[in-house]
2 protein chains.
Amino acid sequence: MSVKLYTSPLTAEAFAPFGDVLEINGAPDKIINAGLCGRYHDRAALDFGNEGRAGLSLFSAEPRSLPYSFDLLERHPDGSQAFIPMTENPFLVIVAKDMSGKPGTPQAFLTAPHQGVNFHRGTWHGVLTPLAAPGLFAVVDRIGATHNLEEVTFDRPYTVVA
Amino acid sequence: MSVKLYTSPLTAEAFAPFGDVLEINGAPDKIINAGLCGRYHDRAALDFGNEGRAGLSLFSAEPRSLPYSFDLLERHPDGSQAFIPMTENPFLVIVAKDMSGKPGTPQAFLTAPHQGVNFHRGTWHGVLTPLAAPGLFAVVDRIGATHNLEEVTFDRPYTVVA
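Residues numbered from 1 in each chain as written. Chains lettered and ligands numbered in written order. Predicted model: local features only at pLDDT ≥ 70, side-chain atom pairs only at ≥ 80, totals over all residues. Heavy atoms only, no water.

## What about the side chain of B:His76?
All names here are of chain B.
In step 1: Among the structural elements, His76 can be located in the loop between strand S6 (68-75) and strand S7 (81-85).
In step 2: Reaching out from His76, the side chain makes a polar contact with the side chain of Glu74 at a distance of 3.5 Å.
In step 3: A polar contact is formed between the side chain of His76 and the side chain of Gln81, at a distance of 2.9 Å.
In step 4: Setting aside residues up to four positions removed in sequence, His76 forms contacts with Gln81, Arg121, Gly122, His125, Asn148 and Leu149. (Helix = DSSP H or I, 4+ residues; strand = E, 2+ residues; numbered from the N terminus. Polar contact = N/O pair within 3.5 Å; in protein donor to acceptor, adjacent residues only side chain to side chain. Contact = heavy atoms within 4.5 Å.)

Okay, structure coming up:
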């Protein structure tokens, strides 16, 4: 028997405890290129720890569909992790607050086109779950010598519904 | 009177003197998430200089169309700059080799869907030129105290044709 989770739209305010929403809104911080480009400057709290460095990788994930069941969350204790969709397709973002070293009840956000996310260091989150093919993302995360991964499996699965 | 430039398809090999092509091809470096995601690991030579740090910004640029005329190239002496399209639309990538501190004859590359680029530190390049709206990109570049910008205007403009 799984526990139902309903999706919420992804907003910067709702997502603030978990990370940054990467999106264009409002006036740019700087206008460049003779007025033809707006720069929304430094929009993610990147964190690569003391002994890591920034890396840029590409992830190609199998698309999922709703209802989507999961029983695993993970976190990266040594660095932030940003996901930038290279398509206009929405994806599912599952996160949870930390409760004494374990994830609390997960929350599920549904992105709008042109939204990415940056998970802050140590944020519990689900695996990458695009909802359409190709599930193609650029990822900015920590590259370093440590394992940088913790996983927790819930006793009962959750099922995300629209 | 402008000088005509013809576009070439963007390939890793042709672009190697200027930077990295960010694209999925071949087998992933690592399979994660129980086989459901391929990680193409650490695909860009990121460089933030001695006193800079990595930043993640969003650029929203006006779309251009071909023929496209320009007379300005720029470079960032203190860091690399990666452009990740957040749409599937192709864009134009204009670069030039350095000739004793000035750009040589420019080359124009046309991306395919799902290709991004990372300009290596100091690479001469044109301003961001999407060919369709929205011209929306995530940018990973150096954030620091220096100006980190050189611009050169050519005596004669170039015109990029298909």
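## Description of the sheet that holds strand S5 (residues 53-61) of chain B
In step 1: What the seven strands build is an open sheet, ordered S3(A)-S4(A)-S5(B)-S15(B)-S7(B)-S12(B)-S2(B); its pairing is antiparallel. The strands lining the two open edges of the sheet, one partner per strand, are strand S3 (30-32) of chain A together with strand S2 (19-22) of chain B. Going from strand to strand, the sheet's axes swing by 25° on average, the running direction of each strand aside.
In step 2: In terms of strand pairing, S5(B) meets strand S15 (residues 135-143) of chain B through nine bridges, oriented antiparallel. From the neighbouring strand, B:Ser57 faces S15(B), where its bridge partner is B:Val139. (Pairing = 2+ DSSP bridges. Axes fitted to C-alpha atoms, helices over the stretch in contact; angles between N-to-C directions.)

## Describing the nonpolar core
Here is a general trend for soluble globular proteins: nonpolar side chains tend to be buried in one another's company.
In step 1: A:Leu56, A:Ile84, A:Val140, B:Leu56, B:Ile84 and B:Val140 are the most contacted members of the largest nonpolar core, which totals 28 residues.
In step 2: Counting residues per element, the ones that place at least two in this core are strand S5 (53-61), strand S7 (81-85) and strand S15 (135-143) of chain A together with S5, S7 and S15 of chain B.
In step 3: Excluding residues within four positions of it along the chain, A:Leu56 makes contact with A:Ala138, A:Val139, A:Val140, B:Leu22, B:Asp42, B:Arg43, B:Ala44, B:Leu46, B:Ala82 and B:Ile84. (Core = buried A, V, L, I, M, F, W, Y, C linked by side-chain atoms within 4.5 Å. Buried < 20%, exposed > 50% of the residue type's maximum accessible area, 1.4 Å probe, protein only.)

## Focus on the environment of A:Glu88
In step 1: With respect to the element layout, A:Glu88 can be found in the loop between S7 and strand S8 (91-96).
In step 2: The exposure class assigned to A:Glu88 is partly exposed, which follows from its relative accessible area of 34%.
In step 3: When the C-alpha positions of A:Glu88 and A:Met99 are compared, they lie 34 Å apart, and in sequence the two are eleven residues distant.
In step 4: Setting aside chain neighbours within four positions, we find A:Glu88 in contact with A:Pro113, A:His114, B:Met86, B:Thr87 and B:Pro134.

## Comments concerning the interface of chain A and chain B
In step 1: With 46 residues of chain A at the contact, the number on the chain B side is 46 residues.
In step 2: Contact between chain A and chain B buries roughly 3,700 Å² in total, counting both sides, with carbon and sulfur atoms accounting for 64%.
In step 3: Contact with chain B buries surface across chain A, with A:Leu56, A:Leu58 and A:Met86 losing the most and accounting together for 19% of the total.
In step 4: Linking chain A with chain B are four salt bridges, by the criterion used here. (Buried area = accessible area lost by both parts, 1.4 Å probe. Salt bridge = Lys/Arg side-chain N within 4 Å of Asp/Glu carboxyl O.)

## A word on the pattern of salt bridges
Residues and elements named next belong to chain A.
In step 1: Applying the stated criterion across every chain yields a total of twelve salt bridges over all chains.
In step 2: Arg75 serves as the salt-bridge partner of Glu150, at 3.4 Å between the closest nitrogen and oxygen. Linking Glu150 in strand S16 (residues 150-161) with Arg75 in strand S6 (residues 68-75), this pair joins segments that are 75 residues apart in sequence.
In step 3: Residue class for Glu150 comes out partly exposed when judged on its relative accessible area of 28%.

Treat this as a map of the structure, not an account of what it does.
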